[in-house]
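The chain contents come next:
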Amino acid sequence: MFSQSRRNLLVVFLTLLVIFEMVAYVTTTPRPREQFFQLYVLGANRLLSDYYPNNDPNIGVGDLVRWHVGVTDSMGSAQLVVIRIKLANQTIGPPDDLQAQPSPAPLITEFRRFIQDNETWEMPFFWQIVNADMPEGSTRILEMQINNETYQVPGLTAVDGYNFRVILELWTWEPQSGTLQFGWSSGNERRVAWLQVWFNMTSSARQ
Amino acid sequence: MEGDPMLRIRWFLVICVVLTILLPLTAETSSSALQPTEELQPRFSSAFALVHRAEAAGATREEVAGLVLLLNKALRLDDEATKLPTSDAQRAALLAQVDENLAALETEANRLELTASQRTFTNRVVAYVTGGIAAFLATLAYVFTAYVLRKYRIKRTFQMRIFPKVK
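Residues numbered from 1 in each chain as written. Chains lettered and ligands numbered in written order. Predicted model: local features only at pLDDT ≥ 70, side-chain atom pairs only at ≥ 80, totals over all residues. Heavy atoms only, no water.

Remarks on the overall build of chain A
Moving on, step 1. Across its full length, chain A holds two helices and twelve strands.
Moving on, step 2. Reading the helices (α) and strands (β) of chain A from amino to carboxyl end gives α-β-β-β-β-β-β-β-β-β-β-β-β-α.
Moving on, step 3. Taken over C-alpha atoms, the radius of gyration comes to 26 Å for chain A, far larger than the 17 Å a tight globule of 207 residues would show.
Moving on, step 4. When the backbone C-alpha atoms are referred to their principal axes, chain A occupies close to 105 × 35 × 25 Å. (Helix = DSSP H or I, 4+ residues; strand = E, 2+ residues; numbered from the N terminus. Rg over C-alpha atoms; globule rule 2.2 N^0.38 Å.)

Description of the overall build of chain B
Moving on, step 1. Secondary structure assignment for chain B yields four helices and zero strands.
Moving on, step 2. Listed N to C, the secondary structure of chain B is α-α-α-α in terms of helices and strands.
Moving on, step 3. Taking all 167 residues of chain B together, 20% fall into the buried category.
Moving on, step 4. Pairs at least 24 apart in sequence give 71% of the contacts found in chain B among residues at least 6 apart.
Moving on, step 5. Split by element, the accessible area of chain B, about 12400 Å² in all, is 66% carbon and sulfur. (Buried < 20%, exposed > 50% of the residue type's maximum accessible area, 1.4 Å probe, protein only. Contact = heavy atoms within 4.5 Å. Areas by Shrake-Rupley, 256 points an atom, 1.4 Å probe, with all protein chains shown as cover.)

A few points about unusual backbone geometry
Residues and elements named next belong to chain A.
Moving on, step 1. Of note, arginine 46 is a non-glycine position whose phi angle comes to about 60 degrees, a positive value.
Moving on, step 2. One non-glycine residue with positive phi stands out, namely alanine 100, at about 55 degrees.
Moving on, step 3. Structurally, alanine 100 is set in the loop between β3 (79–88) and β4 (107–115).

Re the packing of aromatic side chains
Note on aromatic pairs: each is described by the distance of the centres and the angle between the planes.
All names here are of chain A.
Moving on, step 1. With the rule as written, the count across this model stands at nine aromatic pairs over all chains.
Moving on, step 2. Ring centres of phenylalanine 37 and tryptophan 184 lie 5.2 Å apart, and the angle between their planes is 70 degrees; this geometry places the pair in the edge-to-face category. One end of the pair, phenylalanine 37, is in strand β1 (residues 36–42); the other, tryptophan 184, is in strand β10 (residues 184–186), and 147 residues separate them in sequence. Of the two residues, phenylalanine 37 and tryptophan 184, neither departs from the other in class, the shared state being buried.
Moving on, step 3. Relative to tryptophan 67, the ring of tyrosine 51 has its centre 6.5 Å away and its plane inclined at 75 degrees; by these criteria the two rings are edge-to-face. Of this pair, tyrosine 51 sits in the loop between β1 and β2 (65–74) while tryptophan 67 sits in strand β2, and the two are 16 residues apart along the sequence. (Phe/Tyr/Trp six-rings, centres within 6.5 Å; stacked < 30°, edge-to-face > 60°.)

A short note on the sheet that holds strand β5 (residues 120–133) of chain A
Paired through backbone hydrogen bonds, the strands of a sheet run either parallel or antiparallel to each other.
Residues and elements named next belong to chain A.
Moving on, step 1. The strand order β1-β2-β5-β6-β7 describes an open sheet built from five strands, whose pairing is antiparallel. Whereas interior strands pair on both sides, the edge strands pair on one side only; in this sheet they are β1 and β7 (149–159). Shown here is a sheet whose adjacent strand axes are inclined to one another by a mean of 30 degrees, direction ignored.
Moving on, step 2. Relative to β7, strand β6 (residues 138–146) is paired through eight bridges, and the arrangement is antiparallel. (Pairing = 2+ DSSP bridges. Axes fitted to C-alpha atoms, helices over the stretch in contact; angles between N-to-C directions.)

Section: the pattern of salt bridges
If charged atoms from side chains of opposite charge come close, those side chains can pair.
Moving on, step 1. Counting across every chain of the model gives 16 salt bridges over all chains.
Moving on, step 2. The salt bridge involving aspartate 78 of chain B is made with arginine 112 of chain A; its shortest N-O contact spans 3.9 Å. Pair noted here: aspartate 78 of chain B is in helix α3 (residues 61–83) and arginine 112 of chain A is in strand β4, and the two residues belong to different chains. Across this residue pair, the class does not change: aspartate 78 of chain B and arginine 112 of chain A are buried. (Salt bridge = Lys/Arg side-chain N within 4 Å of Asp/Glu carboxyl O.)

Some words on the packing of α3 of chain B against helix α4 (residues 89–158) of chain B
Residues and elements named next belong to chain B.
Moving on, step 1. Packing of α3 against α4 leaves a shortest axis separation of 9 Å and a crossing angle of 165 degrees. Judged by the angle between their axes, α3 and α4 are roughly antiparallel. With respect to the hand of their crossing, α3 and α4 are arranged in left-handed fashion. Where α3 abuts α4, its residues Glu63, Leu67, Leu70, Leu71, Lys73, Ala74, Leu77, Asp78, Glu80, Ala81 and Thr82 lie against Arg91, Leu94, Leu95, Gln97, Val98, Asn101, Leu102, Leu105, Glu108, Ala109, Leu112 and Arg119.
Moving on, step 2. In terms of residue class, the contact of α3 with α4 is made up of 13 nonpolar, three polar and seven charged. (Parallel < 35°, antiparallel > 145°, perpendicular 65-115°, else oblique. Left-handed = near helix turned anticlockwise from the far one by under 90°. Nonpolar A, V, L, I, M, F, W, Y, C, P; charged D, E, K, R; others polar.)

Some details on the interface of chain B and chain A
Moving on, step 1. Each partner contributes to the interface: chain B provides 38 residues, whereas chain A provides 39 residues.
Moving on, step 2. When chain B packs against chain A, the two sides together hide about 3400 Å² of surface, and 60% of this comes from carbon and sulfur.
Moving on, step 3. Our count for the contact surface shared by chain B and chain A stands at three salt bridges.
Moving on, step 4. One salt bridge in this structure joins glutamate 149 of chain A and lysine 83 of chain B, with 3.1 Å as the shortest N-O distance.
Moving on, step 5. The tally of links between chain B and chain A comes to eight residue pairs in polar contact (both at pLDDT 80 or more).
Moving on, step 6. Residue assignment for the side of chain B that touches chain A shows that the elements contributing at least two residues are α2 (42–57), α3 and α4 of chain B.
Moving on, step 7. Top element by residues in the side of chain B that touches chain A is α4 of chain B. It accounts for 13 residues.
Moving on, step 8. Here the residues of the side of chain B that touches chain A are counted per class, giving 19 nonpolar, eleven polar and eight charged. (Buried area = accessible area lost by both parts, 1.4 Å probe. Polar contact = N/O pair within 3.5 Å; in protein donor to acceptor, adjacent residues only side chain to side chain.)

Section: the pairing of strand β9 (residues 179–182) of chain A
Residues and elements named next belong to chain A.
Moving on, step 1. Looking at chain direction, strand β8 (residues 164–174) and β9 are connected through three bridges and run antiparallel. Paired with tryptophan 173 across the strands is leucine 180, a residue of β9.
Moving on, step 2. Taken together, β8 and the strand that follows it, β9, pair antiparallel across an intervening segment of four residues, in which glycine 178 is found at a positive phi of about 70 degrees.

Here we look at the confidence of the model for chain B
Residue and element names in this part refer to chain B.
Moving on, step 1. Per-residue pLDDT for chain B averages 84, and the proportion of residues at 70 or more is 83%.
Moving on, step 2. Mean pLDDT values over the elements of chain B span from 65, in helix α1 (residues 5–26), up to 94, in α4.
Moving on, step 3. This complex was scored by the predictor with a pTM of 0.78 and an ipTM of 0.84. (pLDDT = per-residue confidence, 0-100.)

Here is the structure:
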């Protein structure tokens, strides 16, 4: 029926068709990519330095600490992110990376925002201790001010005022379960992002 | 009547109840036992799902940015409203604004989902049709090249010269 040359032509055309349609498929299909968030804290000048007033981690009552907290969404879609601020001492455990469990430290406040893919949300995080008392040999933080709002701290004490820390946890909205979760799901994995910054509040800082 | 001890106790109890209700409202500092938000309100949740659907349908970055802006505006108004006492008229006004924003967002997200899915479908069809046309043109190029090569080979064959062997 077909001559040899026409048969060859048909084979060439079909081969080229398959190649070009594969190119069309690859260009129109979004490629899967790694899904993650980035959480960071910068100092007063939005650099990885100057985290404390006069670079002294020994903070006194009323010393304003200026940080900038940021989150970048690389999940491939819009997300609701919640940054939870917790205050801990040396004995309270940090978040558990392996079990994806948040820190049991008391929650001071939280900040919520919807961000779209490849967007970075950065906000000023200015805080100070506004009320603390010093029973014998220890320091107890009673009130903390964050971005001009005052929050009570449920009795957090440290021996001699050493090793307090601010913990920042990243929580996200999980549409499947309809709840907020610590960290996020990437495929079958759970991943978490959190930061902690240590500070002291010794008697010398209070004078 | 004023000397009645039962009546005084009753008045004292009424004042205690009123103070218990009013004191937390007048306190300047936030409650120490801050209740974390574990769930989004259903309206936010459904609006957010619509944004995801518009994104999945192929809405552009600029289009999604408009939706996210509306979501954040509604979230900010909701945060402001929750700080006010439930009986406050301003709270009701803010919550009405939240509903208004979310309704606008839902309409826009539905419209975007439709236009984005149509655009994505058109782009896909154009890409596959272009692939077919490109394959056809490439086949024509192959045929033309084969034809030119054959002609060149025939020409070279007829240009050949035969020389006698020199001993």
